[in-house]
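Okay, here's what each chain looks like letter by letter:
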Amino acid sequence: MPTAEPRVATRSAPASAPAPAPAATPPSPFVAGVNPYRAAYWDPSYEPGATDLLCAFRIQPKPGVDVIEAAAAVAAESSTGTWTEVWSNALTDLEKYKARCYRIDGDIAYIAYPIDLFEEGSIVNIMSSIVGNVFGFKAVAALKLEDMRVPFALVKTFPGPPTGIENERARLNKYGRPFLGGTVKPKLGLSAKNYARVVYECLVGGLDTTKDDENMNSQPFNRWRDRFAFVMEVVHKAEAETGEAKGHWLNVTAASTEETLERAEYASQLGSRYVMSDYLTLGFAAHQSLVKRAAQLGLMVHVHRAMHAVMDRQKNHGISFLVLAKWLRLAGGDHLHTGTVVGKLEGNRAATMAIADMLRQDFVPANPAAGVYFDQEWASLKTVFPVASGGIHVLHIPALYEIYGNDAFWLFGGGTHGHPGGSRAGARANRVATEAVAAGRTIEQAARECPELRDAMALWANVTFED
């Protein structure tokens, strides 16, 4: 039970001292006490406005807590509310600023937030507001942010991708098929010189680009300056030999924003078009700083989603990858890993296709069956290449093309380097198979003229990642 503060003895003021100012009194009327959250934050008659930010939460109340009360608590505690009535509520217009739970459909609670609750162009502020505190709230046993409708007016305050699909194709003069890449393997342990050797084999074999993996930063065996220099030397060599635009996505993710920007600037000085960011582990503040500098330098930004499954894999708690992908398109990035459906990583086909649409379209209609609960307008923000990566090989290419179409980026790591003929042969197999499928042919037809593709198909004929 709360106890009264002990009274403290004070010395009387001298007679000549001015009288103390009277204590401030709460504005009237103010009724102290604790009221149910639903009294102020549940409003089923509310019609969301065009400028409201809307959220769909999957909510599991704590036993003994009514779902309406739990949903109203989420609305309150992620906007203007707290556990008790406070006199200072009268100093503002809560009706203007408070969030409202306006609908509950099964275990999905729909909450509308006024646009003025959010700082312009800041994913950090959206995260702090919407998911910053309520996921630990005792009224809910589990909570997952499934979707978020960012209003047109707020979308316009974000920079979006620095390059976009159309401009990237134009800069590289590559059309009519998905882009092809490969992650260097082993992803850790190679010296900078040997690392560049693997890059060269992939590029001359037919891949458009290669890339660092998420945890290749600047380790003792491969310092970033050495890797960047050796890699860009072989990139230029491969371009001269093949007559094609080639490149390597240099991971500039570092321990500080300053170091991240320094690495990006060095990559640009070496003539690279490409840098890479682990956007979730780097953090949105640093990532948005990187995207801004990349745009100034003319660099394209490949985005890895390392750590995403910590937030999105559980069915009833966390943040869906759909939301994380929306935040990335707002913050900026030219490529984003989205899973493969057919590879080694967890991924639902309908949800993966919905995420690809969210990255590539200017308007995406609601489709609750695929996890899309709201229409989303993108206000002409540039588009993002969805990246398929993780356990894919040549036999997956027909299914990948059916899922993603042309405007996609496919990464074959083991599916390049594991070829019996080595990385160069693996790259050729992937290139021939992709060009065949994009042209309407089968990989079997293409394999008749390509021994590297025949060898790859034979090697991985029985390799799947199904349960």
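Note that the coordinates shown come from a computational prediction; the quantities given were computed from them, not determined experimentally. (Residues numbered from 1 in each chain as written. Predicted model: local features only at pLDDT ≥ 70, side-chain atom pairs only at ≥ 80, totals over all residues. Heavy atoms only, no water.)

Asker: Go over helix α6 (residues 165-172) with me, naming the residues and quoting the values.
Answerer: If you check which residues of α6 are buried, you get I165, E168, R169 and L172. When α6 is viewed along its axis, its buried side chains cluster within an angular range of 100° and face the same direction. Count one or two residues on from α6 and you reach N173, which has phi positive near 55°. (Buried < 20%, exposed > 50% of the residue type's maximum accessible area, 1.4 Å probe, protein only. Helix = DSSP H or I, 4+ residues; strand = E, 2+ residues; numbered from the N terminus. Arc of directions from axis to C-beta.)

Asker: Outline the packing of aromatic side chains, supporting the account with residue identities and numerical values.
Answerer: Per the stated rule, a full pass over the model turns up 13 aromatic pairs. Pairing Y37 with F137 gives two aromatic rings, centres 5.9 Å apart and planes at 75°, and the pair type is edge-to-face. Taken together, the positions of Y37 in the segment before α1 (38-41) and F137 in the loop between α4 (123-130) and β4 (140-149) put the pair 100 residues apart, joining distant regions of the chain. On the basis of relative accessible area, Y37 is assigned to the buried category, the value being 13%. Ring plane angle 90° and centroid distance 5.5 Å describe the contact between Y279 and F284, whose orientation is recorded as edge-to-face. Residue classification places Y279 among the buried residues on the basis of a relative accessible area of 0%. Exposure remark for F284: the relative accessible area of 6% places this residue in the buried category. Aromatic rings pair up to connect Y102, Y110, Y373 and F374 into one cluster. Taking NZ or CZ as reference, R100 lies 5.0 Å from the ring centre of Y46, over its face. Taking NZ or CZ as reference, R169 lies 4.8 Å from the ring centre of F179, over its face. (Phe/Tyr/Trp six-rings, centres within 6.5 Å; stacked < 30°, edge-to-face > 60°. Lys NZ or Arg CZ within 6 Å of the ring centre and 35° of its normal.)

Asker: Account for the pairing of strand β7 (residues 247-251), naming residues and giving values.
Answerer: Across the 5 residues that make up β7, a large majority, 5, are buried. Because side chains alternate across β7, one face comprises the buried residues G247, W249 and N251, and the other comprises H248 and L250, equally buried. Two elements, strand β6 (residues 209-211) and β7, share 3 bridges in a ladder whose sense is parallel. By the bridge assignment, K211 is partnered in β7 with W249. In this fold, the crossover linking β6 to β7 by way of helix α8 (residues 224-242) has right-handed handedness. Pairing between β7 and strand β8 (residues 274-278): 2 bridges, direction parallel. In the strand pairing of β8, L250 is matched with V275. Assessed by its sense of winding, the connection that carries the chain from β7 through helix α9 (residues 257-269) to β8 is right-handed. (Pairing = 2+ DSSP bridges. Right-handed = clockwise from strand over helix to strand, strands pointing away.)

Asker: Outline the sheet that holds strand β3 (residues 108-113), listing residues and values.
Answerer: Strands sit in the order β2-β3-β1-β4-β10 across an open sheet of 5 strands; the sheet is mixed. Looking along the sheet, the strands with just one partner apiece sit at the ends: β2 (100-105) and β10 (318-319). Relative to the sheet, helix α2 (residues 67-77) contacts β1 (53-61), β2, β3 and β4, its axis offset from that of β1 by approximately 135°. (Contact = heavy atoms within 4.5 Å. Axes fitted to C-alpha atoms, helices over the stretch in contact; angles between N-to-C directions.)

Asker: Any chance you could break down the sheet that holds β7 for me, citing the residues and the numbers?
Answerer: Around the barrel, which closes on itself, the 8 strands sit in the order β5-β6-β7-β8-β9-β11-β14-β15 with parallel pairing between neighbours. Each strand of the sheet is rotated relative to its neighbour by a mean of 25°, with strand direction disregarded.

Asker: Residue-level account of unusual backbone geometry, with values.
Answerer: A cis geometry characterises the amide bond from K185 onward to P186, with omega recorded as -10°. With respect to the secondary-structure elements, P186 resides in the loop between β5 (179-183) and α7 (192-205). In this model, N173 sits at a positive phi of 55°, which is unusual for a non-glycine residue. Within the secondary structure, N173 is located in the loop between α6 and β5.

Asker: Could you give me a rundown of a nonpolar patch on the surface, with the residues and numbers involved?
Answerer: Together, F30, W87 and L91 give the surface a local cluster of nonpolar side chains, amounting to about 310 Å² of exposed area. The residue W87 is located in the loop between α2 and α3 (94-97) in this model. The exposure class of W87 is partly exposed, given its relative accessible area of 39%. (Patch = residues over 30% accessible without salt bridge, like charges linked within 9 Å, V, L, I, M, F, W, Y side chains within 5 Å. Areas by Shrake-Rupley, 256 points an atom, 1.4 Å probe, with all protein chains shown as cover. Salt bridge = Lys/Arg side-chain N within 4 Å of Asp/Glu carboxyl O.)

Honestly, it's all geometry; don't read function into it.
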